[in-house]
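# Per-entry structural report
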Amino acid sequence: MRTLQSIVAIALFALVAFPAGAAAQVPENPTFADDIAPIFYESCVNCHRPGEIAPMSLISYQDARPWARSIRNKVETRAMPPWHLDQDIGVQDFLNDPSLSDDQIATIVKWVDTGAPQGNPANTPKPPEFAPADAWQIGEPDLVVQFPTHTVPAAGPDLFGDLFTDFGLSQDRYITAIQTKPVGDKARQVVHHALSYAVEQDEDGERMGGGQFLVEYASGKQAEIYPEGTGLMLPADSEARLSYHLHSIGEDIDAVVELGINFLPEGEEPEHIRYSKQLAGSHGRTIGVLDIPSGEVSRSDGYARFNKAAKITMFQPHMHMLGVYQCIEFIYPTQPVRAETVNCARFDYNWHMNYNYSEDSMPLIPAGTILHTTTWFDNSSGNRGNVDPNNWVGAGQRTVDEMGFAWIGWYDLTDEEYEAEVAARQEARERTDDDN
Ligand code: HEC
């Protein structure tokens, strides 16, 4: 019989990602047509094209050329494409990692340094075709609910609040994929950020709290498709709540937001129920208490205990304007106790990035593991997002207050499932070792 400690040690070892083999090389004289357009088309133009969220198009040479210096800077510092994971620490194997390879970055840098030449225009590949910006990314949904229209005036302060609508379900269903969609170009511009929840009612018809979190909408993030075999329960008779953050864009806009949902067939239950929760804010609460002194960088710690064994599927740091960095660590219930930093990520309030682990890198944790988040806030004048470095800042809902917790996606495992998964990883690892 294996001891718990050795099982944990194996789980940890299986976390280490193998670096991907770098196949491409850096061309001698890179040109837009031959070398740069293929990179942009793969990694940039999903956002950098007319009508999308980025400020300029990178489709044609004429579009891209004026931005050469800025492009060099943004790719060299890995600010673009946005992926704020610290690549020197912890797990690096994710489903949705859009990062450029070192060779791709070197190619772009060389192209700019040699005058950003076009090359032979005839060699430029055909730009990719995109579905319309407001297409469903989850296929035609089984259920679409529309929230009441909220008119955003041409000018004014940011708007925060809640909109409600009924899901209209007479029995519990399990969600397999979900997407938030502002309807139309204009609505997309005014919806800064929106969270959806399922709210149940008590016997008196009173809403029971804020509800179960379903999905977040923010720049660069819309659809969530759950891992195979998992689902999130949407209770019968629950209401949909949209917690919105809207902003004005110079004309009156009717903001209409829809939720599209795919379900398992009626009556079917998933193998595992997928959770997504705000965990390990200060004092173990979501908002908690923060004490962020003026003019300096400070940190806050939070903890949450997993009572059951679990497979971690997703990590998403959450802070506001002063938040700059967050690490998640697991403290394992072993004798002697062991702790491991699993990931760290930089944070930028304009980007709410979520990091979905690939199947083989999803952290496996035994029952009793403690999640420890460490969150850093920069309240100095060196932080460009800082409205007033002379002010103390505390915890709260407003954008100018702070938060410091992690969204964690996971599903529970029985102790037997946990041991079996750990053993399977161990075996896969031994096979890889034999091949080398
Ligand atoms: C997920 C969407 C997205 C992707 C993918 C993306 N960008 Fe961006 N990019 C943006 C947005 C939005 C901005 C403006 C806000 C900001 O800078 O964060 C931006 C800003 C920039 C800027 C700065 C423009 C300025 O005002 O100086 C450059 C340069 C840039 N991107 C280049 C790239 C390149 C090159 C790639 C691909 C290798 C890329 N981006 C991929 C969304 C994206």
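Residues numbered from 1 in each chain as written. Predicted model: local features only at pLDDT ≥ 70, side-chain atom pairs only at ≥ 80, totals over all residues. Heavy atoms only, no water.

### Details of the overall build of the protein chain
Which entries qualify depends on this criterion: Starting at the N terminus, helices and strands are each numbered in turn, a helix being any DSSP run of H or I of at least four residues and a strand any DSSP run of E of at least two. Atoms counted for the radius of gyration: C-alpha only. Globule rule: 2.2 Å times the number of residues to the power 0.38. Exposure classes here rest on a 1.4 Å probe applied to the protein chains alone. A residue is buried below 20% of its type maximum, exposed above 50%, and partly exposed in between. What makes two residues a contact is simply this: any of their non-hydrogen atoms within 4.5 Å. Note on areas: these come from Shrake-Rupley sampling with a 1.4 Å probe, and a residue is covered only by the protein chains present in the view.
Along the backbone of the protein chain there are seven helices and 22 strands. Relative to the 2.2 N^0.38 estimate, which gives 22 Å for 436 residues, the radius of gyration of the protein chain is 23 Å and therefore close to what a compact globule would have. Taken along the three principal axes of its C-alpha coordinates, the protein chain extends 65 × 65 × 55 Å. For the protein chain, the residues scored as buried account for 48% of the 436 residues in total. Residue pairs at least 24 apart in sequence account for 79% of intrachain contacts in the protein chain once pairs closer than 6 positions are excluded. Accessible surface, the protein chain: about 21000 Å² in total, of which carbon and sulfur atoms supply 49%.

### Some words on the pattern of salt bridges
Note the following rule: Salt bridges are identified by distance alone: a Lys or Arg side-chain nitrogen within 4 Å of an Asp or Glu carboxyl oxygen.
Under the counting rule described, the total for this entry stands at 13 salt bridges. Here D412 makes a salt bridge to K308, at a shortest N to O gap of 4.0 Å. In this pair, D412 is assigned in strand β22 (residues 405-413) and K308 in the loop between β14 (297-305) and β15 (309-318), connecting sequence segments 104 residues apart.

### Observations regarding the coordination of the iron atom of the ligand
The expected angle between donors at a tetrahedral four-coordinate metal is 109.5 degrees. At an octahedral six-coordinate metal it is 90 or 180 degrees. Worth spelling out the cut-off: Only N, O and S atoms count as donors, using a 2.8 Å limit from the metal and a wider 3.2 Å limit for Na, K and Ca, and since water is excluded some coordination spheres may look unfilled. Four donors are marked tetrahedral only if all angles between them lie between 85 and 135 degrees, whereas four are marked square planar and six octahedral if opposite donors are more than 155 degrees apart and the other angles lie between 65 and 115; the remainder are marked irregular.
At the metal site, the iron atom of the ligand is ligated by H48 (NE2) and M80 (SD), and these contacts range over 2.0 to 2.3 Å. Taken together, the six donor atoms coordinating the iron atom of the ligand and their angles of 85 to 179 degrees define a geometry best described as octahedral. One end of the pair, H48, is in the loop between α2 (32-43) and α3 (61-64); the other, M80, is in the loop between α4 (68-76) and α5 (102-113), and 32 residues separate them in sequence.

### Quick look at the sheet that holds strand β16 (residues 323-332)
As a general point, the strands of a sheet are linked pairwise by backbone hydrogen bonds and lie either parallel or antiparallel. Note the following rule: When DSSP locates at least two bridges between a pair of strands, those strands are taken to pair. Working convention: axes come from line fits to C-alpha atoms, limited for helices to the stretch in contact. Angles between N-to-C directions cover 0 to 180 degrees.
If you walk across this open sheet you meet the four strands as β14-β20-β16-β17, and the pairing is antiparallel. A strand with exactly one partner marks an edge of an open sheet, and here the two such strands are β14 and β17 (338-346). On average, adjacent strands in this sheet sit at an angle of 20 degrees to one another, irrespective of strand direction. In the sheet, β14 pairs with strand β20 (residues 370-378) via nine bridges, with the strands oriented antiparallel. Its bridge partner lying in β20, Y303 is registered against H372.

### Let's talk about the domain arrangement of the protein chain
What counts, and what does not: All domain edges in this entry derive from an automatic or database-based domain assignment. Each polar contact in these results corresponds to two N or O atoms within 3.5 Å; when the atoms are within protein, one needs to be able to donate a hydrogen and the other to accept it, and residues that are neighboring in sequence are counted only if both atoms are side-chain atoms. Amino acids are sorted into nonpolar (Ala, Val, Leu, Ile, Met, Phe, Trp, Tyr, Cys and Pro), charged (Asp, Glu, Lys and Arg) and polar (every other residue, Gly among them).
Per the domain assignment, the segments making up the protein chain are domain 1 (21-123), domain 2 (143-270) and domain 3 (274-420). Taking only C-alpha atoms into account, the centre of domain 1 sits 30 Å from that of domain 3. Of the residues lining the interface, 15 residues belong to domain 1; the matching set on domain 3 comes to 17 residues. Across the contact surface, domain 1 and domain 3 share zero salt bridges. Inspection of the domain 1/domain 3 interface yields 10 residue pairs in polar contact (both at pLDDT 80 or more). Classifying every residue of the side of domain 1 that touches domain 3 by side-chain character gives nine nonpolar, three polar and three charged.

### Re the site of the ligand
For the record, the criterion: Whether a residue is near a molecule or strand is decided by its heavy atoms; if any one of them lies within 4 Å of it, the residue is near.
Near the ligand, the surroundings consist of 21 residues, among which C44, C47, H48, S70 and M80 are the closest. A distance of 2.7 Å separates a nitrogen atom of the ligand from a polar atom in the side chain of H48. Looking at the shell around the ligand, the elements with two or more residues in it are α2 and α4. If one sorts the elements of the shell around the ligand by residue count, α4 sits on top with four residues. Among the residues making up the shell around the ligand, the classes are represented as 16 nonpolar, four polar and one charged.

### Things to note about α2
Rules: To estimate how far a helix should extend, the number of its residues minus one is multiplied by 1.5 Å.
With 12 residues, α2 extends just 15 Å between its outermost C-alpha atoms, more than 12% less than the 16 Å of an ideal straight helix rising 1.5 Å per residue. A large share of α2 lies buried, amounting to nine of its 12 residues. Residues of α2 that are buried: F32, A33, D35, I36, A37, I39, F40, Y41 and S43.

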